[in-house]
There are 4 protein chains.
Amino acid sequence: MLTGKDLTIEEVVKVARDNFEVEISEEAYERAKKSRELIFELAKKNVPVYGLNRGVGANKDRIIDEQFFHEYNVNLVRSHCVAVGPEASIEEVRAMMVVRLNTLLLGCTGIQPEILLMYKEMLNKHVTPVVPERGSVGEADIACLSHIALAMIGEGEAYFNKEKMPASIALEKAGLKPVKLGPKDGLALVSSNALSAGEGCLVLYDVDNLVDLADMIYSFSLEAFRGNVSPLDENVNKARPFPGQNESAAKVRNYLKGSYLWKPNIANALQDPLCFRCAVHIHGAVRDTIRFLKEMLLIQINSSDDNPCVLFKQEDIKSCGNFEPISWTIGFEAVGIALSHLSKASCYRTIKLSTEHFTKLARFLTPDPEHVIAYGTIQKPFAALDAEIRHLANPVSMDFYAVAGEIEDHANNTPYVVQKTRKIVDNLYYILGIEAIHAAQAADLRKNEPDFNLGLAGQVVYEEIRRRIPFLDKDRNLTVDIQKAYEVLKGGSIQKKVNELLKS
Amino acid sequence: MLTGKDLTIEEVVKVARDNFEVEISEEAYERAKKSRELIFELAKKNVPVYGLNRGVGANKDRIIDEQFFHEYNVNLVRSHCVAVGPEASIEEVRAMMVVRLNTLLLGCTGIQPEILLMYKEMLNKHVTPVVPERGSVGEADIACLSHIALAMIGEGEAYFNKEKMPASIALEKAGLKPVKLGPKDGLALVSSNALSAGEGCLVLYDVDNLVDLADMIYSFSLEAFRGNVSPLDENVNKARPFPGQNESAAKVRNYLKGSYLWKPNIANALQDPLCFRCAVHIHGAVRDTIRFLKEMLLIQINSSDDNPCVLFKQEDIKSCGNFEPISWTIGFEAVGIALSHLSKASCYRTIKLSTEHFTKLARFLTPDPEHVIAYGTIQKPFAALDAEIRHLANPVSMDFYAVAGEIEDHANNTPYVVQKTRKIVDNLYYILGIEAIHAAQAADLRKNEPDFNLGLAGQVVYEEIRRRIPFLDKDRNLTVDIQKAYEVLKGGSIQKKVNELLKS
Amino acid sequence: MLTGKDLTIEEVVKVARDNFEVEISEEAYERAKKSRELIFELAKKNVPVYGLNRGVGANKDRIIDEQFFHEYNVNLVRSHCVAVGPEASIEEVRAMMVVRLNTLLLGCTGIQPEILLMYKEMLNKHVTPVVPERGSVGEADIACLSHIALAMIGEGEAYFNKEKMPASIALEKAGLKPVKLGPKDGLALVSSNALSAGEGCLVLYDVDNLVDLADMIYSFSLEAFRGNVSPLDENVNKARPFPGQNESAAKVRNYLKGSYLWKPNIANALQDPLCFRCAVHIHGAVRDTIRFLKEMLLIQINSSDDNPCVLFKQEDIKSCGNFEPISWTIGFEAVGIALSHLSKASCYRTIKLSTEHFTKLARFLTPDPEHVIAYGTIQKPFAALDAEIRHLANPVSMDFYAVAGEIEDHANNTPYVVQKTRKIVDNLYYILGIEAIHAAQAADLRKNEPDFNLGLAGQVVYEEIRRRIPFLDKDRNLTVDIQKAYEVLKGGSIQKKVNELLKS
Amino acid sequence: MLTGKDLTIEEVVKVARDNFEVEISEEAYERAKKSRELIFELAKKNVPVYGLNRGVGANKDRIIDEQFFHEYNVNLVRSHCVAVGPEASIEEVRAMMVVRLNTLLLGCTGIQPEILLMYKEMLNKHVTPVVPERGSVGEADIACLSHIALAMIGEGEAYFNKEKMPASIALEKAGLKPVKLGPKDGLALVSSNALSAGEGCLVLYDVDNLVDLADMIYSFSLEAFRGNVSPLDENVNKARPFPGQNESAAKVRNYLKGSYLWKPNIANALQDPLCFRCAVHIHGAVRDTIRFLKEMLLIQINSSDDNPCVLFKQEDIKSCGNFEPISWTIGFEAVGIALSHLSKASCYRTIKLSTEHFTKLARFLTPDPEHVIAYGTIQKPFAALDAEIRHLANPVSMDFYAVAGEIEDHANNTPYVVQKTRKIVDNLYYILGIEAIHAAQAADLRKNEPDFNLGLAGQVVYEEIRRRIPFLDKDRNLTVDIQKAYEVLKGGSIQKKVNELLKS
């Protein structure tokens, strides 16, 4: 049930990935209708309105007359199709659509209400336009969202269920008729940050889960390392009340339920390397930046990013800059930096896990120093992926220049900022996966240590890894193991099982 | 009055810059005393404690025996003096000291209470150690803060009032005696993020002011540009409820009180370039990141960054990673990115102010197109300074590697992150200053336009600029003007006068 | 005919892409055989040799005894398979193989000569191992090249012709038998920069072609712009004898043969924007950095990157660091920076081509200002792709930390550096393609200008574009046009036709 | 003796730093005179020439008439004074002046010959204008060089010898009269890359020396480390014929003359960490990039960077883009990246020198493990300075946007690129200094090892360090030692003595 005001990240994910159906609240629909009426009144009065009876972009000086409304809006949609591949995934396009539909419900566009229903129907009947995901500098994703509009008027391509076909046929198969555009519809359809915001919701959701996963794997590694739990102590963390740190510390204490690490004099050392000792601070910093980003992104998906802004209560329409997504774009840049820290912490934990003078286990966790090389070379792939993350974490939002007749002299490159964060997340499944492989090997090597036993999360991670990847007793092709670990982590079974255990 | 718990950014600034005196709350002092007693008890019991009866860093395996306590702590202070110039300013060192004193009051270090008094006395009697400001990777600023400790034991150099001299003499002149170090005092003195946090408080305070200043200059530029006020409309901004944006919009509406721009049909164009139209969004994004940073930094200066952490209530002491400053370090990186956007917006406004087809004034705001070149070449210095800002806004917190026997395998480069933000702010006084020069020239050129008049802030900016820099009637050395504008902006008189007017 | 000493970039491309057959020179083969004999002598004498009778990486302290030679080398190959997808393309793997085969011929490895023949046969019979292209930090690409070795021993996967299958079957289909590894073979197979160098040769070849293409499109744009040819004057360029600039200027003068621009008083302005005026300097800077890179990369593919280095003339084998690819890695970073400049110059030319006060044509090159929006929004995709290029041009070679027991404390991330350059090149086909679309539209709009006619290259670019993309007479889906322009440019027909015309 | 054609980097340094006198070759002076005559002829004919009878920058459409020549040129100089501090040093301004004087001799500007003499006199009589060094985006350093012109006409400030005063007085004290500007003089004075090129020559000279120094310190460290010399073997390096690597290897072999490392079975390990093993490759990569940069920069200082370009042989003057410094700007960016690698290699060598399991010496090179902490914390300052270098090595040349009426839509930020390289070099004196401190301490701790003795360069570095910094027998303030080591290295005595010894 969309109202324009209370869409959550989780709901976007449910619609996008789990095919939940959407409904439009009656109140919101009424609001949109009133807003539409206002548009017609203004058009009648010949008040100059950008995108209604005036051109858009640098063409804002051009007058659009009434007879030309339909054709102009079709032209606008077509001429705004200036995107570059690759295609966004079906789930990403669905995320865009539900986000855009929600913000349209605020009544700030004056779009025809039939188009709102069209969004709903296409979502519920699985018609998903083909949208190339590059081409927008983020100052409204007009270059890409135009492809959703294109499909709505029966042009371009779309998926019906998972099959690609001409949009006109996809609509037909779903029992839908193409939309006929009226005044200002074109602008309302294309001018929104819904591509960035839609993809952003999915990425944010994944980052959020990733931090939990990182905490779980860290708790397992700490056990494999014979590390010190004192930095996790509740009072110690209260003395440093960063919210993210304290959340991670509390979670890790839970994840370590039942672990041998809580027994006295267990740890190998008085003070562990910082990658272990500061893990909850570092993971917590990701949480802190996520919190900031989430606050900003929730405003985005529940507010108007339209220009001009229809104020139907005031019976007015005003030129503005509300398509500006800068605050949450910077939020993504900050999350990227935080994830680069998380990545390095994971890499360093893995290095430590294979270093004999830290673990008191054999070098590179070999089960047989004379005959098995084991985890030596594997340090290179995580270092290489971590370098990619470092590179991706460089900001790019401020790299723009004036376009469109010098008018558009600010930008954020928001789609790319979101997409590089998505790439960082993907790399991290590998990096944390390799950490988990190491911890599992170390755990196996410790099996005979009399006091050793795993806590709640450690046990789950161990089992999930071992379900796919056996103990390394002799050298084998590890490329295969790395890929399996990636799949285990990305598949989500670890978090699912840990959280179930915690609830029970 | 310091309690360890409620120090504000403003108070740090008052102590650092305005020489406010500090007091230590009795409760806090008692807490510190109890914590000290606990230290002695633990030492007696021979519980192994990092930095007390065990070495620090990779030497945590070395036993320190009781007779060696004083000498060990002096050695520790001396050997931790590994910093590199330039010197921090007197106000910055004072900021470090008040921050460190406050966090010591939480009782998590077990430092001898006499040292607390020493901090207080040195602050109140204007003895300021010489502290080179580079050398720390931010994982506690031990390489630099050691110089404060060095001065306390009468070694190294210090300022008494504003004169540099051997620390022993400075103490003597102030009527103070060098401290005699006991167990764990060395570690407690050097191990803290107080350099980064102290300098950080000053920078954050300045950034906070800078955004207000940017809003004031923007409001003046908008008048000089004959820009559109519709993006500032309260309802328009409510439709996009980013806190920073709405704060800037509300402020700018106030700054424009009395301006001709509120009259109907004033603006040159239906839609202004984004540097004007999205200014409150962009400035607001700086506010949004500041809000995040401030939340984090306030935790830093009111919590313990000590390792090990003395828990006197639990009569325990625990190894930890609480010196980790990552969350607010990333906050500074994010603020830097946001400021890079603000910088570009100011630059583009200045470009637009000198572009004839936007302003309908003469090119480069020349008063005499035939004989005066005016503001042509001046676009280069702001573009050059903006490029510096772009460069400084690159993140650096994740550029580290393991040191100290591989133990310290996480870092944040926090001092440098803070210092590059300080540099960004300094450059922005120039960039906004050049914008103000342009707006003042344009305002003068518009003087004869019948409907033209300035609002509250515009009038103040105009007068403050014109107090130092006359109208450009013929070509002159503008290097001088740029420097004057910088001084006007940095001096703070604009904000002071605007805020006074708003209150009255 | 490979000798180890005179492989060219063009030859690598011919083998990789055009399936040229390879031969091994007799002299080189003899050299390799002698080197192999030396290995066995040293092994007999029990001289400790890294990778022969001692372990590799941090295991260099482990003794490998003779009976264990085969198994050890198989283990080494398997355990070094630690790569991460995506797969390198078939042509890229072929480039790796020919590069590695050539450097093996220098006789510095002591590899068994049968393996040299195996490289040759696999190349000539189209057996191409599946090689995931990530996982190496560039300090020899052992994590990835191990997959070529794996296929040689009949494990893993390979393509036979273009079909993927188990390597053992691919070998069988090609009539080849798996290799049986002897001492030091494993190390010789995996330890080389051949992945980076092989992919690097292809990328460098493409960059080289891209600059020619950029010069051609620039010459066309200059005609479409009615620009000034004086910056191309031979004497003017001699006064500034940068080799790249002068090469581009000479080429562009040729490309403009027959153009109306050489007539007097043609240009719209005395001085053009720098994107036109400095184009040959900017394109020339790419040439200058290419020249540096090519010099370095040619050394790489014709020299030994082996450690230890077998010196068969001196009958010695020495530990060394010859796998270090730093000089040409930095060459790629520099080329990336240069390409970012080239990209911005192309973008700005396109902006200028659609700006009416520069071209004296209609805004956004519309054929009908009242009814056709034309090339307005299209500025966003190239700006977005250019921002990606700016981001990719950030260096990453120095982002590493010590791995493998702290031994490998230098790296270059060379594969990623090469791969990001490859991505930059790909984006540039879009960006230059959009420039060409604009120039073609402007040329059509100028058709009626009496003095207008195109020169040699302009005519070719125009025709090649128009062969796929018709004149824009009304608004249409431009995503399609952009993709077509990309294909035209990437296809290589423009350079081919221009160069043929120039020869005739 | 300046001819316009054969100025070397070393000569620039000699004039700038060592106050060598300059002469102008007669041939060059004649060339300049002819060029001047051509200007007057063109002016008479009313051929439109940029900066002569037409305005500059976006004002190129403005006509300048003859009576207005003097005033216009003075206006031009004044209005181009738009720079920002800090001041360039006296030696840097002298470098700018000799570079500019040399390129003026090519006769491409038509400047009045008296001004050439003025440059010469000011250099030889030690009148040095005050030049703020920021404000140029590098597309000719007009914003800054205008201050040299300003001093020439007796305005602004200048140094006479080392005292700052009004320029008019400085000229008077030196017995010089202000210049009276004629047509095109203003443009010729301000429009050049001489600031970047002048500062660039000094920086390049210093980098060149720094690599030698790095090789010397590396050879000393290798001795202190008991490292392996096999990677330095001549034949091993011939197998990898990168010019820089081979140059460094040859030099280091010389530096190690007489060293105990050449004896058999000396090294602690079969294979050293890469920071040692690949040192000549890494230092060599700096040499390779320097070679590229030097080739480019020599073209810059011996060619015309003027626009328009006077072609006196052809009796023509042509608009052009010859002020474009892109090729050598990218050269500086590449050198910065290479230096970041060199920095990390030095840092890692220092880490290894204080790691007991590599050196077989005590941890942190303490002379007394029980009582002296020694070189533990000192790892932080070099890591912090290295992070700064990493940050400075980020490119910035492509961060620009169109200014000056959209005409100047390319830039390079060359002054800042040069200045950040200067900063990198300065940091490296600290980093290499700390490495030398460690090597000296290790050498002292090895004194009793029977086979230990230092080679030629090691002995010099040891002595130069020990001349200022005694053996660390107990903990002391190391900030002082670090500063001393910096001064020793920057002072140049090490290279001087080593090179003298090598010659003898």
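If you check an unreviewed UniProt entry, chain A appears there as Histidine ammonia-lyase from Thermosediminibacter litoriperuensis.

A. Spatial organisation of the overall build of chain A. Helix and strand content of chain A: 20 helices and seven strands. Projecting the C-alpha coordinates of chain A onto the three principal axes gives extents of approximately 85 × 50 × 45 Å. For chain A, buried positions account for 67% of its 504 residues.

B. Representation of helix H5 (residues 113-124) of chain B. Residue and element names in this part refer to chain B. Compared with the 16 Å implied by 1.5 Å per residue over twelve residues, the 17 Å span of H5 between its first and last C-alpha is a close match. Looking only at H5, the buried set comprises Ile115, Leu116, Met118, Tyr119, Met122 and Leu123. Down the axis of H5, the smallest arc covering the buried residues is 155 degrees, so these residues share one side. Of the residues flanking the end of H5, it is His126, one or two places downstream, whose phi is positive at about 65 degrees.

C. Representation of the pairing of strand S5 (residues 163-166) of chain C in the model. Residues and elements named next belong to chain C. Looking at chain direction, strand S4 (residues 157-160) and S5 are connected through four bridges and run antiparallel. Counted as the bridge partner of Ala158 is Met165 from S5. Counted between consecutive antiparallel strands, the loop separating S4 from S5 contains two residues, among which Asn161 sits at a positive phi close to 50 degrees.

D. Main features of the interface of chain B and chain A. Each partner contributes to the interface: chain B provides 69 residues, whereas chain A provides 69 residues. Breaking the side of chain B that touches chain A down by element, the ones donating at least two residues are helix H10 (234-238), helix H12 (274-277), helix H13 (279-301), strand S6 (309-311) and helix H14 (326-353) of chain B. Element by element, the count of residues in the side of chain B that touches chain A is highest for H14 of chain B, at twelve residues. Of the residues belonging to the side of chain B that touches chain A, the class tally is 34 nonpolar, 20 polar and 15 charged.

E. Just the packing of helix H14 (residues 326-353) of chain C against helix H16 (residues 379-392) of chain C, in detail. Residue and element names in this part refer to chain C. Between H14 and H16, the least distance of the axes is 9 Å, while the angle of their chain directions is 165 degrees. When the axes of H14 and H16 are compared, the pair comes out roughly antiparallel. Pair H14 / H16 crosses with left-handed handedness. In contact with Gly336, Leu339, Ser340, Ser343, Lys344, Cys347, Thr350 and Ile351 of H14, H16 contributes Gln379, Phe382, Ala383, Asp386, Ile389, Arg390 and Leu392.

F. Highlighting the sheet that holds strand S2 (residues 127-129) of chain D. Residues and elements named next belong to chain D. With respect to topology, three strands assemble into an open sheet ordered S2-S4-S5, the strand pairing being antiparallel. One side of each edge strand has no neighbouring strand; the edge strands of this open sheet are S2 and strand S5 (163-166). Neighbour-to-neighbour, the strand axes of the sheet open up by a mean angle of 35 degrees, direction not taken into account.

G. Summary view of the domain arrangement of chain A. Residue and element names in this part refer to chain A. When the domains of chain A are assigned, the result is domain 1 (9-192) and domain 2 (200-307 + 323-503). Taken over C-alpha atoms, the centre of domain 1 sits 38 Å from the centre of domain 2. Between domain 1 and domain 2, the contact holds 26 residues from the first and 27 residues from the second. Sorting the residues of the side of domain 1 that touches domain 2 by element identifies helix H1 (9-18), helix H4 (90-104) and strand S3 (132-134) as the ones contributing at least two each. Element by element, the count of residues in the side of domain 1 that touches domain 2 is highest for H4, at six residues. Here the side of domain 1 that touches domain 2 is built from residues that sort into twelve nonpolar, eight polar and six charged.

H. Focus on the relation of the copies chain B and chain A. You can overlay chain B on chain A at an RMSD of 0.0 Å; the transform is a turn of 180 degrees with a shift of 0.0 Å along its axis. Given the turn and translation reported, the copies of this chain are related as if by a two-fold rotation axis. No C-alpha of chain B approaches the rotation axis more nearly than that of Ala334 of chain B, which lies at 2.9 Å. Both copies share a contact surface, since 100% of the interface residues of chain B are interface residues in chain A too.

I. Highlighting the environment of Ala174 of chain C. Residue and element names in this part refer to chain C. One can find Ala174 in the loop between helix H7 (167-173) and helix H8 (185-190). Once the C-alpha coordinates of Ala174 and Val127 are considered, the two residues, 47 residues apart in sequence, prove to be 7.1 Å apart. Ala174 has contacts with Lys125, Val127 and Phe160, leaving out every residue within four places of it along the chain.

J. Broad picture of the sheet that holds strand S5 (residues 163-166) of chain B. All names here are of chain B. Ordered by their spatial adjacency, three strands build an open sheet running S2-S4-S5, and the pairing between neighbours is antiparallel. Here the strands that pair on one side only, and so sit at the sheet edges, are strand S2 (127-129) and S5. With strand direction ignored, the average angle separating the axes of adjacent strands in the sheet is 35 degrees.

K. Broad picture of the environment of Asp451 of chain D. Residue and element names in this part refer to chain D. Mapping Asp451 onto the fold places it in the loop between helix H17 (414-445) and helix H18 (456-468). In this structure, the C-alpha to C-alpha distance between Asp451 and Tyr260, residues 191 residues apart in sequence, is 6.6 Å. When near neighbours in sequence (up to four residues on either side) are disregarded, Asp451 contacts Tyr260, Lys263 and Ile266.

L. The arrangement of the packing of H18 of chain D against helix H19 (residues 478-491) of chain D in detail. Residue and element names in this part refer to chain D. H19 packs onto H18 with a crossing angle of 135 degrees between their chain directions and a minimal axis gap of 9 Å. Classified by the angle between their axes, H18 and H19 sit oblique to one another. The hand of the H18/H19 crossing is right-handed. Side by side, H18 and H19 meet where Glu464, Ile465 and Arg468 of the first sit next to Lys484, Ala485 and Val488 of the second.

M. Quick peek at the environment of Thr289 of chain A. Mapped onto the elements of the fold, Thr289 of chain A is located in helix H13 (residues 279-301). Look at Thr289 of chain A and you get buried, because 30 C-beta atoms sit within 10 Å. Taking the C-alpha atoms as reference, Thr289 of chain A lies 9.7 Å from Leu339 of chain A; in sequence the two are 50 residues apart. If near-sequence neighbours (up to four positions away) are discounted, Thr289 of chain A is found in contact with Ala334, Val335 and Ala338 of chain A together with Ile330 of chain B.

N. Representation of unusual backbone geometry in the model. Residue Gly85 of chain A is joined to Pro86 of chain A through a cis peptide bond whose omega torsion reads 5 degrees. You can see Pro86 of chain A is positioned in strand S1 (residues 84-87). Between Asn307 of chain D and Pro308 of chain D the backbone carries a cis peptide bond, its omega angle lying at -5 degrees. On the secondary structure map, Pro308 of chain D appears in the loop between helix H13 (279-301) and strand S6 (309-311).

O. Structural detail: H19 of chain D. Residues and elements named next belong to chain D. An ideal rise of 1.5 Å per residue puts 20 Å on 14 residues; H19 measures up with 20 Å between its terminal C-alpha atoms. For H19, the complete set of buried residues consists of Leu478, Thr479, Asp481, Ile482, Ala485, Tyr486, Val488 and Leu489. Two residues or fewer after H19 comes Gly492, characterised by a positive phi angle close to 90 degrees.

Conventions we followed
- Residues numbered from 1 in each chain as written.
- Chains lettered and ligands numbered in written order.
- Predicted model: local features only at pLDDT ≥ 70, side-chain atom pairs only at ≥ 80, totals over all residues.
- Helix = DSSP H or I, 4+ residues; strand = E, 2+ residues; numbered from the N terminus.
- Buried ≥ 20, exposed ≤ 12 C-beta atoms within 10 Å, placed from the backbone.
- Expected span 1.5 Å × (residues − 1).
- Arc of directions from axis to C-beta.
- Pairing = 2+ DSSP bridges.
- Contact = placed C-beta atoms within 7 Å.
- Nonpolar A, V, L, I, M, F, W, Y, C, P; charged D, E, K, R; others polar.
- Axes fitted to C-alpha atoms, helices over the stretch in contact; angles between N-to-C directions.
- Parallel < 35°, antiparallel > 145°, perpendicular 65-115°, else oblique.
- Left-handed = near helix turned anticlockwise from the far one by under 90°.
- Domains from an automatic or database assignment.
- Least-squares fit on C-alpha atoms with pLDDT ≥ 70 in both.

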